[in-house]
Amino acid sequence: MGSSIKAELDDDAKDVSGTVTVSYDGRYDGVAINAQVMGSNALVSFVSCNAKDVHDSKSRLFVPSADITDGGIEFAAKIVPPPKGRHEIRLRASIIEQHKEIESDLVFSTRD
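Below is a short write-up of the structure. Model, not experiment: these values are computed from the prediction.

What counts, and at which threshold
Residues numbered from 1 in each chain as written. Predicted model: local features only at pLDDT ≥ 70, side-chain atom pairs only at ≥ 80, totals over all residues. Heavy atoms only, no water. Helix = DSSP H or I, 4+ residues; strand = E, 2+ residues; numbered from the N terminus. Rg over C-alpha atoms; globule rule 2.2 N^0.38 Å. Buried < 20%, exposed > 50% of the residue type's maximum accessible area, 1.4 Å probe, protein only. Contact = heavy atoms within 4.5 Å. Core = buried A, V, L, I, M, F, W, Y, C linked by side-chain atoms within 4.5 Å. Patch = residues over 30% accessible without salt bridge, like charges linked within 9 Å, V, L, I, M, F, W, Y side chains within 5 Å. Areas by Shrake-Rupley, 256 points an atom, 1.4 Å probe, with all protein chains shown as cover. Salt bridge = Lys/Arg side-chain N within 4 Å of Asp/Glu carboxyl O. Phe/Tyr/Trp six-rings, centres within 6.5 Å; stacked < 30°, edge-to-face > 60°.

Further remarks concern the overall build of the protein chain. The helix and strand tally for the protein chain stands at 0 helices and 9 strands. Reading the helices (α) and strands (β) of the protein chain from amino to carboxyl end gives β-β-β-β-β-β-β-β-β. Relative to a compact globule of 112 residues, whose C-alpha radius of gyration would be 13 Å, the protein chain shows 14 Å and is just as compact. In terms of principal-axis extent, the alpha carbons of the protein chain reach across some 45 × 25 × 25 Å. Taken over 112 residues, the protein chain has a buried fraction of 40%. Considering only contacts in the protein chain between residues 6 or more positions apart, those separated by 24 or more positions represent 63%.

See below:
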């Protein structure tokens, strides 16, 4: 079976936003998206996924495979509290099947 997952962050966004593209031939439960602000106690709070509001999802967002349309996920989040100065965001997206990680992608973004 072929599998592929690609995570991207919008470097121009004030908060955190991006996309995850999934191309997986097998069955899977969903995609876990984990985000953190490196070297900080600030939390990444997800606010929307595929144009739907998601509330109280801090640092981790699980998107069931049934909610992934055309192999894509678009998400937006805010950093609470907002960081002062330069900071780095780490984002990891993983394909999950029966509580096991099938494949993942990791991206970093440095912001001022």
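There's more to say after this.
Let us look at the nonpolar core. Note that soluble globular proteins tend to have their nonpolar side chains buried in a common cluster. Counting residues in hydrophobic clusters, the biggest one holds 29 residues, and the most contacted among them are V20, V31 and I33. In this structure I33 touches V20, F46, S59, R60, L61, V63, I73, F75, L91, R92 and A93, once residues within four positions along its chain are discounted.

This part is about a nonpolar patch on the surface. A cluster of nonpolar side chains, M38, L106 and F108, forms an exposed patch at the surface whose accessible area comes to about 250 Å². Here F108 shows up in strand β9 (residues 100-111).

As a further point, take the packing of aromatic side chains. Two aromatic rings, taken as a pair, are described by how far apart their centres are and by the angle between their planes. Evaluation of the coordinates by the stated rule reveals 2 aromatic pairs. Seen from their ring centres, Y24 and Y28 are 5.7 Å apart, and the 80° between their planes marks the pair as edge-to-face. Considering the side-chain rings of F46 and F75, the 5.9 Å spacing of their centres and the 65° angle between planes classify their relative orientation as edge-to-face. Residue F46 is found in strand β4 (residues 43-49), and its partner F75 is found in strand β7 (residues 72-80); the two are separated by 29 residues along the sequence. The buried category is assigned to F75, whose relative accessible area is 4%.

Structurally, V44 is set in strand β4. Under the relative-accessibility criterion, V44 is labelled buried at 1%. When residues no more than four places from it in sequence are discounted, the contact partners of V44 are A35, Q36, V37, S57, K58, S59, A77 and K78.

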